[in-house]
Amino acid sequence: MNTEEVELLSDSKYRNYVAAVDKVLKNFEYSSEWADLISALGKLNKVLQNNAKYQVVPKKLTIGKRLAQCLHPALPSGVHRKALETYEIIFKIIGPKRLAKDLFLYSSGLFPLLSNAAMSVKPVLLGLYETYYLPLGKTLKPGLQGLLTGVLPGLEEGSEYYDRTNTLLEKVAAAVEQSAFYSALWGSILTSPSVRLPGVSFVLLHLNRKLSMEDQLYVMGSDIELMVEAVSTSVQDSSVLVQRSTLDLILFCFPFHMSQMDEREESSMQVSR
């Protein structure tokens with residue numbers, strides 16, 4: 001409990017707020033089917049809205065845990081949409097500074113959702129990112145790789161939300177600085193096989209083929225070794241599509257005579273090839 005919360009406990013109305021949140025959270029413990037979860041979320045939403053004057057949400061760790069559980073892929077879209085309503089209520093109440101501070105607390109449930117979300121859920125989730133995450137700007141950096149890993153599945157060719165997802169990623173890149181964005185992107189490509197194809201495709205799409213790499217070095221990110229490892233891993237991926245896209249990236253964008261790479265890095269990429 002931080003100093004701000006301790007001070008608020010001297011307010012009897014805030015103490016009543018804490019008790020009310022405690023009470024509604026117990027409803028989650030007794031939920032046996034998805035309809036019970038929607039009911040529990042509705043009661044939590046009401047308590048939060050009735051106490052919106054307090055920017056400090058009590059029991060936030062438990063709330064974050066329960067919301068993440070309500071976004072489990074096995075649950076129906078109705079539960080997901082109701083949980084996203086709760087996230088939005090909380091984000092409106094706490095404001096951007098507190099959201100940046102508690103980014104991981106709320107994002108642990110949100111980031112994995114898009115790849116498993118129903119069509120009716122995706123625009124709501126993207127809306128949360130557009131409305132509440134983008135304004136965080138550079139304070140997004142600690143959670144940037146998680147955000148990109150969560151959003152990249154929306155770059156599915158032919159998808160209804162392809163353009164919206166691409167625009168969101170472009171705005172994130174502008175908000176956090178390009179080099180930081182691409183470092184996180186390479187990290188996602190390296191550690192998450194499921195986003196390698198959209199990740200590499202995003203890089204290919206946003207490279208200017210008329211310019212030399214020296215004129216767009218931000219694409220490499222701030223850690224060239226990380227980029228090399230990500231490319232090397234991708235070219236050995238089990239998916240032929242990932243392999244082809246990565247080879248396109250190597251052939252057109254990372255010629256081995258580049259002065260930006262030392263001999264060790266060139267050797268790593270040549271071995272993977």
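Computed from a predicted model, the values in this text were never measured in an experiment.

**Q** Explain the side chain of Lys-60 here, please?
**A** With respect to the secondary-structure elements, Lys-60 resides in helix H4 (residues 60-70). Take Lys-60: its relative accessible area is 19%, and that puts it in the buried class. If sequence neighbours within four positions are ignored, Lys-60 has contacts with Asn-2, Asp-102, Leu-105 and Tyr-106.

**Q** How do you make sense of the packing of aromatic side chains when you look at a structure like this?
**A** Per the stated rule, a full pass over the model turns up 14 aromatic pairs. Both rings, one in Phe-91 and one in Tyr-106, keep their centres 5.8 Å apart while their planes meet at 80°; by these two values the pair is edge-to-face. Placement of Phe-91 in helix H5 (residues 77-101) and of Tyr-106 in helix H6 (residues 103-110) is noted, with a sequence separation of 15 residues between them. Given the relative accessible area of 2%, Phe-91 is considered buried. Their ring planes at 40° and their centres at 6.5 Å tell us that Tyr-182 and Phe-202 sit as a pair that is tilted. Taken together, the positions of Tyr-182 in helix H10 (residues 178-191) and Phe-202 in helix H11 (residues 196-206) put the pair 20 residues apart, joining distant regions of the chain. Tyr-182 gets classed as buried once you look at its relative accessible area, which sits at 2%. On the accessibility criterion, Phe-202 (3% relative accessible area) is buried. Site record: aromatic cluster; members linked through ring pairs are Tyr-87, Phe-91, Tyr-106, Phe-111, Tyr-129, Tyr-132 and Tyr-133.

**Q** Help me understand the pattern of salt bridges in this model?
**A** For the coordinates displayed, the defined rule picks out 8 salt bridges. Close ionic contact of Asp-22 with Lys-59 constitutes a salt bridge, the shortest N to O distance being 3.7 Å. In this pair, Asp-22 sits in helix H2 (residues 12-29) while Lys-59 sits in the loop between helix H3 (34-50) and H4, placing the two residues 37 residues apart along the sequence. Judged by its relative accessible area of 32%, Asp-22 is partly exposed. Put simply, Lys-141 and Glu-177 hold a salt bridge, and the shortest N to O gap is 3.7 Å. Residue Lys-141 is located in the loop between helix H7 (122-133) and helix H8 (144-151), and its partner Glu-177 is located in the loop between helix H9 (162-176) and H10; the two are separated by 36 residues in the primary sequence. On the basis of relative accessibility, which here comes to 37%, the residue Glu-177 falls in the partly exposed class. One continuous salt-bridge network, built from bridges that share partners, spans Lys-138, Lys-141 and Glu-177.

**Q** Even after reading the chapter, I still don't get H3, so can you show me in this structure?
**A** The α-helix winds at 3.6 residues per turn, so residues separated by three or four positions along the chain end up facing the same way. Taking 1.5 Å of rise per residue, 17 residues should cover 24 Å, and H3 covers 25 Å from first to last C-alpha, within 8% of that figure. Within H3 the residues assigned to the buried category are Leu-37, Ala-40, Leu-41, Leu-44, Asn-45, Val-47 and Leu-48. Summarising the axial view, the buried residues of H3 lie within an arc of 165°, below the 170-degree limit, and thus occupy one face. Across from the buried face of H3, at angles greater than 90 degrees, the exposed residues are Lys-46 and Asn-50. Buried residues belonging to H3 abut H2, H4 and H5.

**Q** Hey, could you run me through the nonpolar core in this one?
**A** For soluble globular proteins, nonpolar side chains are generally found buried alongside one another. Judged by nonpolar contacts, the single largest core of 87 residues is most densely connected at Phe-91, Leu-110, Tyr-129, Tyr-133, Phe-181 and Trp-186. Counting residues per element, this core draws most heavily on H5, which supplies 10 residues.

**Q** What am I meant to see in the side chain of Ser-183 here?
**A** Position of Ser-183 relative to the elements: it lies in helix H10. On the accessibility criterion, Ser-183 (12% relative accessible area) is buried.

**Q** What's the story with empty space enclosed by the protein in this structure? I'm lost.
**A** To locate leftover empty space, one rolls a probe as large as a water molecule over the atoms. Summed over the entire model, instances satisfying the criterion amount to 2 cavities of 30 Å³ or more. By volume, the largest cavity is sized at about 40 Å³. Taken together, Leu-114, Lys-122, Pro-153, Gly-154, Glu-156, Ser-159, Tyr-161 and Thr-165 make up the full set of residues lining the largest cavity. A breakdown of the residues in the lining of the largest cavity according to their chemical character gives 3 nonpolar, 3 polar and 2 charged. Along the walls of the second largest cavity sit Tyr-129, Tyr-133, Leu-134, Leu-147, Val-151, Leu-168 and Val-172, which together make up its complete lining. If you list the elements that add at least two residues to the lining of the second largest cavity, you get H7, H8 and H9. Of the residues belonging to the lining of the second largest cavity, the class tally is 7 nonpolar, no polar and no charged.

**Q** When you look at the packing of H11 against helix H13 (residues 240-253) in this model, what are you seeing that I'm missing?
**A** Any two packed helices are characterised by how steeply their axes cross, that is the angle between the axes, and by the distance between the axes. Running from N to C, H11 and H13 point in directions that differ by 25°, and their axes come no closer than 9 Å. Judged on the interaxial angle alone, H13 and H11 are roughly parallel. For the pair H11 and H13, the crossing hand works out as left-handed. Across the interface between the two elements, Arg-196, Leu-197, Val-200, Ser-201, Val-203 and Leu-204 of H11 pack against Leu-241, Val-242, Ser-245, Thr-246, Asp-248, Leu-249 and Cys-253 of H13. For the contact of H11 with H13, a count of residues per class yields 8 nonpolar, 3 polar and 2 charged.

Conventions we followed
Note that residues are indexed from 1 along each chain, following the sequence as it is written. Local features in a predicted model are, by the rule used here, given only for residues with pLDDT of at least 70; side-chain atom pairs are given and counted only at 80 or more, and totals for whole chains, interfaces and linings are based on all residues. By convention in this description, side-chain values take in all heavy atoms of the structure and omit both hydrogens and water. Here a strand is any run of E in DSSP of at least two residues, a helix any run of H or I of at least four, and the numbering for each starts at the N terminus. Type-normalised accessible area, obtained with a 1.4 Å probe on protein chains alone, sets the label of each residue: buried when under 20%, exposed when over 50%, and partly exposed for intermediate values. Two residues qualify as a contact provided that any one of their heavy atoms is within 4.5 Å of a heavy atom in the partner residue. Under the pairing criterion, centres of Phe, Tyr and Trp rings, with the six-membered ring standing for Trp, must be within 6.5 Å; the plane angle then separates stacked pairs below 30 degrees from edge-to-face pairs above 60, leaving the rest tilted. Take a side-chain nitrogen of Lys or Arg and a carboxyl oxygen of Asp or Glu: if they are within 4 Å of each other, that pair is a salt bridge. Every helix has an expected span of 1.5 Å times one less than the residues it contains. The arc refers to the directions leading from the helix axis to the C-beta atoms. To qualify as a nonpolar core, a set must consist of buried Ala, Val, Leu, Ile, Met, Phe, Trp, Tyr and Cys residues joined through side-chain atoms within 4.5 Å. The definitions used throughout rest on a 1 Å grid laid over the protein atoms alone, on which a cavity is an enclosed set of points accommodating a 1.4 Å probe that cannot get out and a pocket is an open set flanked by protein within 12 Å on both sides along at least five of seven lines; lining residues are those having an atom within 4 Å of a point. Grid points are joined across faces, edges and corners, and a volume is the space filled by probe spheres set on the points. Just so you know the grouping, Ala, Val, Leu, Ile, Met, Phe, Trp, Tyr, Cys and Pro go in nonpolar, Asp, Glu, Lys and Arg go in charged, and all remaining residues, Gly too, go in polar. Angles here are taken between N-to-C directions and fall from 0 to 180 degrees, while the axes themselves are lines fitted to C-alpha atoms, restricted in helices to the stretch in contact. Each angle is binned into one of four classes, with values under 35 degrees roughly parallel, values over 145 roughly antiparallel, values of 65 to 115 roughly perpendicular, and all other values oblique. Two helices crossing with the near one rotated counterclockwise from the far one by less than a right angle form a left-handed crossing, whereas a clockwise rotation gives a right-handed crossing.

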